[in-house]
Amino acid sequence: MRRCLPWWVLIATLAGCTHGASRSTYERLLLYREHAGPPVASAQLDHAAGKHEWTPLGNQALAVWSSEDVGHLLELRTPCPAILTAMRVWITNSRGEITARSDAVMTRSGSGTAASACRIATIRPIDGQSLGEAKRELREAELVDRPPGSASE
């Protein structure tokens, strides 16, 4: 029971801090960090696939997904505000391999305006399956959580 207590405290804290079903960008980044492995020097993205899904996690991080369960948390060296409003991102690479401290994330707005390159500081593989389970648990906790005095007895 004691082992489960920290998880329930985290879930309750995240659920209590949210307004409705959305979490703050910082809370989402913490969740992704929790389900990411240690930093790696480089990562292979499926170059043949061409396009990858991506999720902005504030102005200094994003998750890049090769598939539903295979992703990488990219944390940037400096803030990159354009990432929050970008319609598309490009990641520099060498034959599908991205390298921390060498490659960068580049953004483009809906109007086609290109922003400067944002250098990648760290790359961490994401355990997509455990992240998905944690998100489901958080949603379940939000559905169960009721304001005081609203429960019918």
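Heads up: these notes are all about the structure in this document. For clarity, every value in this text was computed on a predicted model and none was experimentally measured.

1. Regarding the sheet that holds strand 5 (residues 88–91)
The strands making up a sheet are joined through hydrogen bonds of the backbone, oriented either antiparallel or parallel. Taken in spatial order, the six strands of this open sheet run 2-3-4-8-7-5, and their pairing is antiparallel. Of all the strands in the sheet, just strand 2 (53–56) and strand 5 have a single pairing partner and so form its edges. Taking each pair of neighbouring strands and ignoring which way they run, the sheet shows an average axis angle of 35 degrees. Examined bridge by bridge, strand 7 (residues 104–108) and strand 8 (residues 118–127) share two bridges and lie antiparallel to one another. Bridged to Ala104 within strand 8 is Arg119.

2. Some details on the layout of surface pockets
Here the second largest pocket defines a volume of roughly 170 Å³. Taken together, Tyr32, Trp65, Glu68, Asp69, Gly128, Gln129, Leu131, Gly132, Glu133, Lys135 and Arg136 make up the lining of the second largest pocket. Broken down by element, the lining of the second largest pocket gets its largest block of residues, seven residues, from helix 3 (residues 128–144). Of the residues assigned to the lining of the second largest pocket, the class counts are three nonpolar, three polar and five charged.

3. Quick notes on the pattern of salt bridges
Tallying each qualifying case throughout the model produces one salt bridge. Note that Arg33 is salt-bridged to Glu75, the shortest N-O span being 2.8 Å. Of this pair, Arg33 sits in helix 2 (residues 25–34) while Glu75 sits in strand 4 (residues 70–76), and the two are 42 residues apart along the sequence. When its relative accessible area of 29% is taken as the criterion, Arg33 is described as partly exposed. Look at Glu75 and you get buried, because its relative accessible area is 14%.

4. Let's talk about the environment of Lys135
Residue placement: Lys135 occurs in helix 3. The partly exposed category is assigned to Lys135, whose relative accessible area is 26%. For Lys135 and Arg28, which are 107 residues apart along the polypeptide, the C-alpha to C-alpha distance reads 9.7 Å. Once residues lying within four places of it in the same chain are set aside, the contact partners of Lys135 are Leu31 and Tyr32. A polar side-chain atom of Lys135 sits 3.0 Å from a polar atom in the side chain of Tyr32.

5. Quick look at the pairing of strand 2
A regular strand places its side chains so that they alternate between the two faces of the sheet. The sheet contact formed by strand 2 and strand 3 (residues 61–65) spans four bridges and is antiparallel. Within strand 3, the residue paired with Trp54 across the bridge is Val64. What sits between strand 2 and strand 3 in their antiparallel hairpin is a turn of four residues, with Gly58 showing a positive phi close to 95 degrees.

Reading guide: rules and limits
- Residues numbered from 1 in each chain as written.
- Predicted model: local features only at pLDDT ≥ 70, side-chain atom pairs only at ≥ 80, totals over all residues.
- Heavy atoms only, no water.
- Pairing = 2+ DSSP bridges.
- Helix = DSSP H or I, 4+ residues; strand = E, 2+ residues; numbered from the N terminus.
- Axes fitted to C-alpha atoms, helices over the stretch in contact; angles between N-to-C directions.
- 1 Å grid on protein atoms, 1.4 Å probe; cavity = no way out; pocket = protein on both sides within 12 Å on 5 of 7 lines; lining within 4 Å.
- Points joined across faces, edges and corners; volume = space filled by probe spheres on them.
- Nonpolar A, V, L, I, M, F, W, Y, C, P; charged D, E, K, R; others polar.
- Salt bridge = Lys/Arg side-chain N within 4 Å of Asp/Glu carboxyl O.
- Buried < 20%, exposed > 50% of the residue type's maximum accessible area, 1.4 Å probe, protein only.
- Contact = heavy atoms within 4.5 Å.
- Polar contact = N/O pair within 3.5 Å; in protein donor to acceptor, adjacent residues only side chain to side chain.

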